[in-house]
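Summary of the model geometry
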Amino acid sequence: MNKVRVATIWLSGCSGCHMSFLDQDEFLMELAKLVQFVYSPLIDVKEFPENVDITIVEGAVGNEEQLELIEVARKRTKQLIALGDCAVHGNVTSLRNALREGDQAVLKRAYLELADTTPQIPSEVTPLLKKAHPLHEIVEVDHFIPGCPPPASLITYVLTELLAGRKPEMEGKAKFG
Amino acid sequence: MKSVRLTIDGRAVEVPDGTTILDAAMANGIKIPTLCHLEGVKDYGGCRLCLVEIKGSPKVFPACTTPVGQGMEVTTNSDRLKEYRKMALQLLLSERAHICSVCVANGACELQSLASELGVDQLIFERDWPELSVDLTHAYLVIDRNRCILCTRCIRVCDEIEGVHTLDLMLRGKETQVVIDLNENWKNATSCTGCRKCAKVCPVGAIYVKGEALSSTKDKEVAKFITERRRSAFE
Ligand code: SF4
Ligand code: SF4
Ligand code: SF4
Ligand code: FES
């Protein structure tokens, strides 16, 4: 039997959603029988591969590199899942959207105002986007798993349903925050 | 008093004339989701969570402000209504920075739990948040306008139950906000008695008591309790 090809991506988030993914404990053993991980921050693969069945994305789209990655991932993926509040609606990452020139405001705060010594904004990292975007503002999303972080049991539920070819039913299960 | 017969979700009910559809449903054990409704004060039909269908009309009606009619056939839970309710919740959640993970009300919020109950798992509306103020000047009351859903429960309880009308709305559209006295800091609001009723009935994390768990501040029965006690005092 061909294994289902699964990728996970970590954009602007705190990695809490990936931690919740790992919190699925023994279900991961079950999962390993059915799927092959082809790309993830947990394994060392540099290029996002072709022909991915399911891509699970944590975090909002916050900078130019992430924008490029999510667009490539979408093209090469059958089903894309937004995992966690940052990916689903922007969450903490998008708080800067409420400020005018929010991208500059957070850089100034983090690197200049709060610096102990030699305050400077790093020039060699990828530029921030004007606003942080939830995934659906950039690419089409097939499933949403809200939560900060989403409980491991909800991730298991959604994956089980998708692997069985069913549509997950989120009534009473989805919860922001 | 004249009574009215109607059906709600196929069930025959009989209630006094002038009853709202919401009260008629509640009295007969039929639950309709609500947010701006608060037992004990006047309804104003702002949140649109309680929408129902009435046979013979293509429109939908807010159950909390629509009175029953003789022979009405009311549906409270069709697929269309579920879709509209989810949309209303999405609009409320998109209008302001509802970031539950860093909100005082996380886990004790009516908006958050209704969204969960009805299966709102995404916010598709574009968001363009106004920059609103947080007033921390009062000794123990706080208002964070970025979490307010403009349900006006606080305004109605302050006006109709406490009787001082400290709170009101200012401006229009997305800039609409709850103000204290004539847009004063809470500290300088001379009309406020500090009774906390507004914090008790606010369904979200917009008005709360400093340093107190939201779950212990909330008491949305307070308006109903006081109105009933007053009524019984006159009987
Ligand atoms: S008020 Fe409720 S819905 Fe809004 S951020 Fe707080 S917990 Fe979430
Ligand atoms: S504390 Fe009481 S008097 Fe003051 S604004 Fe709230 S409800 Fe009104
Ligand atoms: S402060 Fe709370 S009770 Fe008052 S209008 Fe806003 S959400 Fe409603
Ligand atoms: S409860 Fe009826 S409109 Fe809000």
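Above this note sits the structure.
Residues numbered from 1 in each chain as written. Chains lettered and ligands numbered in written order. Predicted model: local features only at pLDDT ≥ 70, side-chain atom pairs only at ≥ 80, totals over all residues. Heavy atoms only, no water.

**Description of the overall build of chain A**
Within chain A, the secondary structure is distributed over 6 helices and 7 strands. Against the 2.2 N^0.38 benchmark of 16 Å for 177 residues, chain A shows a C-alpha radius of gyration of 17 Å, consistent with a compact globule. Across the 177 residues of chain A, 46% fall into the buried class. Contacts in chain A between residues far apart in sequence, at least 24 positions, make up 79% of those at least 6 positions apart. Total accessible area computed for chain A in this model is approximately 9,400 Å², and 54% of it derives from carbon and sulfur atoms. (Helix = DSSP H or I, 4+ residues; strand = E, 2+ residues; numbered from the N terminus. Rg over C-alpha atoms; globule rule 2.2 N^0.38 Å. Buried < 20%, exposed > 50% of the residue type's maximum accessible area, 1.4 Å probe, protein only. Contact = heavy atoms within 4.5 Å. Areas by Shrake-Rupley, 256 points an atom, 1.4 Å probe, with all protein chains shown as cover.)

**Examining helix α6 (residues 152-163) of chain A**
All names here are of chain A. Compared with an ideal rise of 1.5 Å per residue, which puts 12 residues at 16 Å, α6 spans 16 Å between its outermost C-alpha atoms and is within 8% of the ideal. Listed as buried for α6 are Ala-152, Leu-154, Ile-155, Thr-156, Val-158, Leu-159, Glu-161 and Leu-162. Considering only its buried residues, α6 is in contact with α1 (16-22), α2 (27-34), β3 (52-58), β5 (77-83) and β7 (143-145). Backbone geometry just downstream of α6 places Gly-165 in the positive-phi region, at approximately 80°. (Expected span 1.5 Å × (residues − 1).)

**What to know about the sheet that holds strand β1 (residues 4-10) of chain A**
Residue and element names in this part refer to chain A. On the basis of which strands lie adjacent, the open sheet formed by 5 strands has the order β2-β1-β3-β5-β7 and parallel pairing. Since the sheet does not close on itself, it has two edges, and those belong to β2 (35-39) and β7, each with one partner. On average, each strand axis in the sheet is inclined to that of its neighbour by 25°, with strand direction left out of account. Direction of pairing for β3 relative to β5: parallel, over a ladder of 6 bridges. Residue pairing for β5: Val-57 is matched across the bridge by Ala-82. Packing against the sheet, α2 makes contact with β1 and β2, and its axis sits at approximately 85° to β2. (Pairing = 2+ DSSP bridges. Axes fitted to C-alpha atoms, helices over the stretch in contact; angles between N-to-C directions.)

**What about the interface of chain B and chain A?**
The partner chain A presents 24 residues to the 21 residues of chain B that form the contact. Roughly 1,900 Å² is buried in total at the junction of chain B and chain A, and carbon and sulfur atoms are behind 58% of that figure. On the surface where chain B and chain A come into contact, there are 0 salt bridges. Seen at the junction of chain B and chain A, the total is 7 residue pairs in polar contact (both at pLDDT 80 or more). Element by element, the count of residues in the side of chain B that touches chain A is highest for helix α3 (residues 110-118) of chain B, at 4 residues. (Buried area = accessible area lost by both parts, 1.4 Å probe. Salt bridge = Lys/Arg side-chain N within 4 Å of Asp/Glu carboxyl O. Polar contact = N/O pair within 3.5 Å; in protein donor to acceptor, adjacent residues only side chain to side chain.)

**Some words on the site of ligand 3**
Near ligand 3 you find 13 residues, and of these Cys-148, Cys-151, Thr-152, Cys-154 and Cys-202 of chain B are the closest. By residue class, the composition of the shell around ligand 3 is 11 nonpolar, 1 polar and 1 charged. (Near = heavy atom within 4 Å. Nonpolar A, V, L, I, M, F, W, Y, C, P; charged D, E, K, R; others polar.)

**Some thoughts on the pattern of salt bridges**
One pass over the structure, following the stated rule, counts 21 salt bridges over all chains. With its nearest N and O atoms 3.8 Å apart, the salt bridge here joins Lys-2 of chain B to Asp-17 of chain B. Placement of the pair is Lys-2 of chain B in the segment before β1 (3-8) and Asp-17 of chain B in the loop between β2 (11-16) and α1 (21-27), with a sequence separation of 15 residues. The network of salt bridges with shared partners includes Glu-47, Glu-50 and Arg-76 of chain A.

**Here we look at the site of ligand 2**
Ligand 2 sits among 13 residues. The nearest are Cys-158, Cys-192, Cys-195, Arg-196 and Cys-198 of chain B. Here the shell around ligand 2 is built from residues that sort into 8 nonpolar, 3 polar and 2 charged.

**Focus on the packing of aromatic side chains**
In total, this model carries 2 aromatic pairs over all chains according to the counting rule given. Aromatic side chains Phe-21 of chain A and Phe-37 of chain A sit 5.9 Å apart centroid to centroid with 90° between the ring planes, which places their arrangement in the edge-to-face category. Here the residue Phe-21 of chain A occupies a position in helix α1, and Phe-37 of chain A occupies one in strand β2, the gap between them amounting to 16 residues. According to the relative accessible area criterion, Phe-37 of chain A is partly exposed, its value standing at 32%. If you follow Arg-196 of chain B out to its NZ or CZ, it ends over the ring of Tyr-140 of chain B, 4.4 Å from the centre. (Phe/Tyr/Trp six-rings, centres within 6.5 Å; stacked < 30°, edge-to-face > 60°. Lys NZ or Arg CZ within 6 Å of the ring centre and 35° of its normal.)

**Looking at the layout of surface pockets**
Of the pockets and cavities examined, the largest pocket occupies roughly 690 Å³. Forming the boundary of the largest pocket are 29 residues, of which Glu-169 and Glu-171 of chain A together with Lys-86, Leu-118 and Gly-119 of chain B lie nearest the centre. Among the secondary structure elements, those contributing two or more residues to the lining of the largest pocket are β7 of chain A together with α2 (79-95) and α3 of chain B. With 7 residues, α2 of chain B is the largest single contributor of residues to the lining of the largest pocket. Looking at the lining of the largest pocket, its residues break down into 11 nonpolar, 6 polar and 12 charged. By volume, the second largest pocket is sized at about 480 Å³. In terms of lining, the second largest pocket is formed by 20 residues, of which the most central are Arg-96, Val-106, Leu-107, Tyr-111 and Leu-128 of chain A. Those elements that place two or more of their residues in the lining of the second largest pocket are β4 (61-63) and α5 (102-113) of chain A. It is α5 of chain A that provides the largest number of residues to the lining of the second largest pocket, a total of 6 residues. (1 Å grid on protein atoms, 1.4 Å probe; cavity = no way out; pocket = protein on both sides within 12 Å on 5 of 7 lines; lining within 4 Å. Points joined across faces, edges and corners; volume = space filled by probe spheres on them.)

**A short note on helix α7 (residues 222-234) of chain B**
Residues and elements named next belong to chain B. In this model α7 runs 19 Å from its N-terminal to its C-terminal C-alpha over 13 residues, within 8% of the 18 Å that 1.5 Å per residue would give. Within the sequence span of α7, burial applies to Val-222, Ala-223, Ile-226 and Thr-227. Burial along α7 is one-sided: seen end-on, the buried residues are contained in an arc of 125°. In α7, the exposed residues that point more than 90 degrees away from the buried face are Arg-229 and Arg-231. (Arc of directions from axis to C-beta.)

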